[in-house]
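The residues making up each chain are set out below.
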Amino acid sequence: KIMIDGIAPQVTGITLSHDADEDKNKDNDGTIWLKEGRKLTATVVVDDKVSVQGSPVIRVKAGDNNLDLPFESISQDEDGKTTIIFAKKIASTDAQGKLTFTNTDSSPIIYGYDDIKDSFGNGLDKNSITSKTVTGNYAVDTIPPAKFTIKNKAEIIKYPGATTISAGTSLTASHSGNYQTPVT
């Protein structure tokens, strides 16, 4: 009996998640901002039983730079689907910004997608991997804001990288990112 399977496995979804309750670091649009030390996970579901034969990574854009999530594990269910986990602990040196996905020949979402194959040697269908298959709204911000020190109303307020502000001057503190550090 000869079996021929020329159908490439399809990605049916990619879900982003994180390792901690980051709701306090959520924007009005639902973006969850991850700081250094948090783990970002991409769970990829494939419609067929596949194996990983190399070292694929999920590549996302963080601002204008790449952030790679390396392959971590694989599991298969009785329905014939495969779940592949890619994960990375966010480091202070990682790219900053909102995470976005593009899938082109020169820049696929899964680098090494052809290392993910079914039992007949068919590589993962790159065209099934699109930004529309990705759920989760994340960004990376590992740069803490400057700390302000206010000793009392009569003293002068000083903070790193700014001019001196005399007592009685109105002051509004802000930060361009969403890293949450209390003002003291």
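Details of the structure are given in the entry above.
Report on the accompanying structure. All values derive from a computational prediction rather than experimental measurement.

Conventions used here
Residues numbered from 1 in each chain as written. Predicted model: local features only at pLDDT ≥ 70, side-chain atom pairs only at ≥ 80, totals over all residues. Heavy atoms only, no water. Helix = DSSP H or I, 4+ residues; strand = E, 2+ residues; numbered from the N terminus. Buried < 20%, exposed > 50% of the residue type's maximum accessible area, 1.4 Å probe, protein only. Contact = heavy atoms within 4.5 Å. Core = buried A, V, L, I, M, F, W, Y, C linked by side-chain atoms within 4.5 Å. Pairing = 2+ DSSP bridges. Phe/Tyr/Trp six-rings, centres within 6.5 Å; stacked < 30°, edge-to-face > 60°. Lys NZ or Arg CZ within 6 Å of the ring centre and 35° of its normal.

Counting through the fold element by element, I74 comes out in strand β6 (residues 65–76). You can call I74 partly exposed: its relative accessible area is 34%. Ignoring any residue separated from it by four or fewer positions in sequence, one finds I74 in contact with V50, S51, V52, T82, T83 and I84.

Time to look at the nonpolar core. If you look at the biggest cluster of nonpolar residues, it comprises 29 residues, and the most contacted ones within it are V44, I58, L67, F86 and I110. For this core, the secondary structure elements donating two or more residues are β1 (11–18), β2 (32–34), β3 (39–46), β5 (57–62), β6, β7 (82–89) and β12 (138–140). Here this core gets 4 residues from one element, more than from any other, and that element is β3. Those residues within four positions of I110 in sequence are excluded, and the remaining contacts are V44, P56, V57, I58, F86, I116, L124 and I129.

Within a regular strand, side chains alternate between the sheet's two faces. Bridging between β5 and strand β8 (residues 97–100) involves 2 bridges; their strand directions are antiparallel. For K61, the partnering residue across the bridge sits in β8 and is T100. Strand direction decides the pairing type here: β8 and β12, joined by 2 bridges, are antiparallel. Paired with G97 across the bridge in β12 is V140.

With that settled, the discussion passes to the packing of aromatic side chains. Taken as a whole and assessed by the stated rule, the structure comprises 1 aromatic pair. With a centroid separation of 6.2 Å and an interplanar angle of 70°, the aromatic rings of F71 and F86 are classed as edge-to-face. One end of the pair, F71, is in strand β6; the other, F86, is in strand β7, and 15 residues separate them in sequence. Using a relative accessible area of 28% as the deciding quantity, one classes F71 as partly exposed. Over the ring of Y111 we find R59, and its NZ or CZ is 4.0 Å from the ring centre.

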